Amino acid sequence: MLRLTHRQRAVVVEKLPDLANIVVGVLVLGPLVGDNPLSMGLIISGLTVWIALAGFTLLMAGGER
């Protein structure tokens, strides 16, 4: 299991929501501004990854004592 210091955990908790927003931007908004057709699969996968990363962030933040 990966053991993080308090500072490492704080950086991960700070940066994971940014990563989640980038994933949603690429998978959901990318086809809207590009030439590719909008795909329901991309929307669902983008939102799923966003929810997973947001949930992981909450778990990491809640682990501090």
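Placed above this text is the structure.
Quick caveat, the model's predicted, so the values are computed rather than measured. (Residues numbered from 1 in each chain as written. Predicted model: local features only at pLDDT ≥ 70, side-chain atom pairs only at ≥ 80, totals over all residues. Heavy atoms only, no water.)

Peer 1: Hey, could you run me through the overall build of the protein chain in this one?
Peer 2: Looking only at helices and strands, the protein chain has two helices and zero strands in total. Counting only C-alpha atoms and orienting by the principal axes, one finds that the protein chain spans roughly 45 × 15 × 15 Å. Of all intrachain contacts in the protein chain linking residues separated by at least 6 positions in sequence, the fraction that spans at least 24 positions is 59%. When the accessible surface of the protein chain is summed, it comes to about 5000 Å², and 69% of that surface belongs to carbon and sulfur atoms. (Helix = DSSP H or I, 4+ residues; strand = E, 2+ residues; numbered from the N terminus. Contact = heavy atoms within 4.5 Å. Areas by Shrake-Rupley, 256 points an atom, 1.4 Å probe, with all protein chains shown as cover.)

Peer 1: Please clarify how a nonpolar patch on the surface should be interpreted in this entry.
Peer 2: Together, Leu29, Leu32, Val33 and Leu38 give the surface a local cluster of nonpolar side chains, amounting to about 430 Å² of exposed area. As for its position among the elements, Leu38 is in the loop between α1 (6-33) and α2 (40-62). Leu38 gets classed as partly exposed once you look at its relative accessible area, which sits at 48%. (Patch = residues over 30% accessible without salt bridge, like charges linked within 9 Å, V, L, I, M, F, W, Y side chains within 5 Å. Salt bridge = Lys/Arg side-chain N within 4 Å of Asp/Glu carboxyl O. Buried < 20%, exposed > 50% of the residue type's maximum accessible area, 1.4 Å probe, protein only.)

Peer 1: Got a minute to help me understand the packing of α1 against α2 in this structure?
Peer 2: Packed helices, taken two at a time, are described by the angle their axes make and the gap between the axes. Contact pair α1 / α2: the axes reach a minimum separation of 9 Å and the direction vectors enclose 170°. Looking at the two axes, α1 sits roughly antiparallel to α2. Among the residues forming the contact of α1 with α2, the class breakdown is 19 nonpolar, four polar and one charged. (Axes fitted to C-alpha atoms, helices over the stretch in contact; angles between N-to-C directions. Parallel < 35°, antiparallel > 145°, perpendicular 65-115°, else oblique. Nonpolar A, V, L, I, M, F, W, Y, C, P; charged D, E, K, R; others polar.)

Peer 1: Hey, could you run me through the environment of Val49 in this one?
Peer 2: By the secondary structure assignment, Val49 is in helix α2. Residue class for Val49 comes out partly exposed when judged on its relative accessible area of 33%. Along the backbone, Val49 and Val23 are 26 residues apart, and their C-alpha atoms lie at a distance of 7.3 Å.

So yeah, pure geometry; function would need other evidence.
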